[in-house]
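Coordinate analysis (summary)
Each chain is listed here by its residues.
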Amino acid sequence: MIIKLRQTVDSKKAEELALVFKAFHIKENECSTLVTASSLKEIPIQYQEFIDEFWVLDNDMQLSSKKYRKEKRTVNFGNIQIGGNTNNTILIGGPCSVESEEQIRESSQLLMKLGLSALRGGCYKPRTSPYSFQGLGLEGLKLLAKMREEFGLTVITEARDATHIDEIIEYTDVIQIGAKAMYDQGILRACAKIKKPVLIKRGFGTTLQEFVQAAEFVLSGGNDQVILCERGLRTFETATRFTLDLCGVAWLQEHCNLPVILDPSHAMGYAYGVPNLARACVAMGIDGLLIEAHPNPKVAKSDASQQLNHDEFEELYRSLHAVAYSVGYKIV
Ligand code: PEP
Ligand code: MN
């Protein structure tokens, strides 16, 4: 249950009530809101005088549910807003991993040339093998921060586990929680305590319910800047790397009030399929697109097969405007 307390209830009383209801206490527009387990269906009569409004939810998709808040939430991606009624589709581009200053500068220059502002690049890579390139770590974060400084870009990078979450939070503008890391409660809880936007990727074996519950960890801790990212599920099919769950996206758009971004690069796993998939995603009226691009994909240290080269990225970018326009959106 979500309980909005009356404005006259002070913080001390709100804390007391949070204890009574074993609830999270968050502030929304200066008002205290309590979030209890969804199994609570009724408020005992002695507490009703403190309550302005309450929502009984069927399950633990609560703050992220359209049954609580019908309008899509707005999230600031640097100076660009997505979600709400902005109808912006933000195009996030950049390599899978930050590999060198020269490489990430070329990626930044590509975005600048196209008038885009969101640069991605992993520094702590969640590789499936310990023998693969693991990312540049702090050195990579500093390179991203340098690009932000030089070009005014908004940078997004992923947290692999909770050991370096403070570093990620310090250096990046938007924190990406990877498909494998989305169950890491150390990361989720740390992200709940900050004011920076958090992009949560759906695990490849994660149900939609589990996905939105990961978001609830961040929302119920007081950070309302949450974006969801669909990046493909593992299915019986092995010809493509994963299977992009567009049905899941439609479900989220119907039931969930968080902005949704799609990542066709990781879903497809091969560069040849990414442009068509990206256009299909944009045709759904989405809040953003995450596309991996590398100055020279052949020598990329991670996800080489799926990264577009810069000409391909530019061509894709140019083709997206008409698709976005046709569904009332704008590529930014
Ligand atoms: C990535 O964005 O490079 C990445 C590793 O993504 P995912 O967590 O979706 O596999
Ligand atoms: Mn990658």
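For the structure, check the block above.
Here goes a summary of the coordinates provided.

The rules behind the values
- Each chain carries its own residue numbering, running from 1 in the direction its sequence is written.
- Going through the entries in the order they are written, you letter the chains from A and number the ligands from 1.
- Side-chain atom pairs in this predicted model are given and counted only at pLDDT of 80 or more, local residue features only at pLDDT of at least 70, and totals for whole chains, interfaces and linings cover all residues.
- Only hydrogens and water are removed before side-chain values are computed, so all heavy atoms of the structure are retained for them.
- A helix here means a DSSP run of H or I that spans at least four residues, while a strand means a run of E at least two residues long, and both kinds are numbered starting from the N terminus.
- Every radius of gyration here is taken over C-alpha atoms, with the globule rule written as 2.2 Å times N^0.38, N being the number of residues.
- Note on exposure labels: buried denotes an accessible area under 20% of the residue type's maximum, exposed denotes more than 50%, and partly exposed covers the range between, all computed with a 1.4 Å probe on protein chains only.
- It only takes one pair of heavy atoms within 4.5 Å for two residues to be counted as in contact.
- For every accessible area listed, the method is Shrake-Rupley and the probe measures 1.4 Å; residues are considered covered only by the protein chains on display.
- Note that His is not counted, nor are the chain ends; the positive residues are Lys and Arg, and the negative ones are Asp and Glu.
- Working definition for charges: the position is that of NZ of Lys, CZ of Arg, CG of Asp or CD of Glu.
- In this analysis the probe radius is 1.4 Å and the grid spacing 1 Å, with only protein atoms considered; a cavity is a set of points the probe fits into but cannot get out of, a pocket is an open set with protein on both sides within 12 Å along at least five of seven lines, and lining residues have an atom within 4 Å of a point.
- Grid points are joined across faces, edges and corners, and a volume is the space filled by probe spheres set on the points.
- Three residue categories are used. Nonpolar comprises Ala, Val, Leu, Ile, Met, Phe, Trp, Tyr, Cys and Pro, charged comprises Asp, Glu, Lys and Arg, and polar comprises the others, including Gly.
- Residues are labelled near a given molecule or strand when at least one of their non-hydrogen atoms is within 4 Å of it.
- The definition of a polar contact used here is a pair of N or O atoms within 3.5 Å, where within protein one atom must be able to donate a hydrogen and the other to accept one, and adjacent residues in sequence count solely through side-chain atom pairs.
- Throughout, a molecule is located in a cavity or pocket provided that more than half of its atoms lie within 2 Å of its grid points.
- For Na, K and Ca the donor cut-off is 3.2 Å, while for other metals it is 2.8 Å, and in both cases only N, O and S atoms qualify; water is not among them, so sites may look incomplete.

1. A word on the overall build of the protein
When helices and strands are counted, the protein shows 10 helices and 15 strands. In terms of overall size, the protein behaves like a compact globule, its C-alpha atoms giving a radius of gyration of 20 Å where 332 residues would be expected to give roughly 20 Å. Overall, the C-alpha framework of the protein stretches about 65 × 40 × 40 Å when taken along its three principal axes. Residue burial in the protein is summarised as follows: out of 332 residues, 55% are buried. Pairs at least 24 apart in sequence give 67% of the contacts found in the protein among residues at least 6 apart. Surface exposure of the protein reaches about 14600 Å², of which carbon and sulfur atoms provide 52%. Here the protein holds 37 positive side-chain charges and 41 negative ones, and the gap between their average locations is 1 Å.

2. Quick notes on the layout of surface pockets
Size it by volume and the largest pocket reaches roughly 430 Å³. Taken together, 20 residues make up the lining of the largest pocket; nearest its centre are Pro126, Lys180, Arg231, Arg241 and His266. Of the residues contributing to the lining of the largest pocket, the split by class is five nonpolar, five polar and 10 charged. Taken as a whole, the second largest pocket holds about 320 Å³ of empty space. The element contributing the most residues to the lining of the second largest pocket is helix H6 (residues 208-220), with six residues. Counted by class, the lining of the second largest pocket contains eight nonpolar, five polar and four charged residues.

3. Some points on the site of ligand 1
Close contacts around ligand 1 come from Cys96, Arg120, Lys125, Glu158, Gln176, Gly178, Ala179, Lys201, Arg231, His266 and Glu292, and that covers them all. Between ligand 1 and the protein, one listed contact pairs an oxygen atom with a backbone N or O atom of Ala179 at 2.8 Å. For ligand 1, an oxygen atom lies 2.9 Å from a polar atom in the side chain of Lys201. Within the complex, the protein chains bury 93% of what would otherwise be the 290 Å² of accessible surface of ligand 1. Applying the majority rule of atoms within 2 Å of the grid points places ligand 1 in the largest pocket.

4. Regarding the coordination of the manganese ion (ligand 2)
Around the manganese ion (ligand 2), the protein contributes the donor atoms Cys96 (SG), His266 (NE2), Glu292 (OE) and Asp303 (OD), which lie 2.1 to 2.4 Å from the metal centre. As a motif over one chain, the donors of the manganese ion (ligand 2) read C-x169-H-x25-E-x10-D. With a gap of 170 residues between them, Cys96 in the loop between strand S7 (88-94) and helix H2 (101-114) and His266 in helix H8 (residues 264-268) connect regions that are remote in the sequence. In this structure Cys96 comes out as buried when scored by relative accessible area, which is 1%. Residue classification places His266 among the buried residues on the basis of a relative accessible area of 8%.

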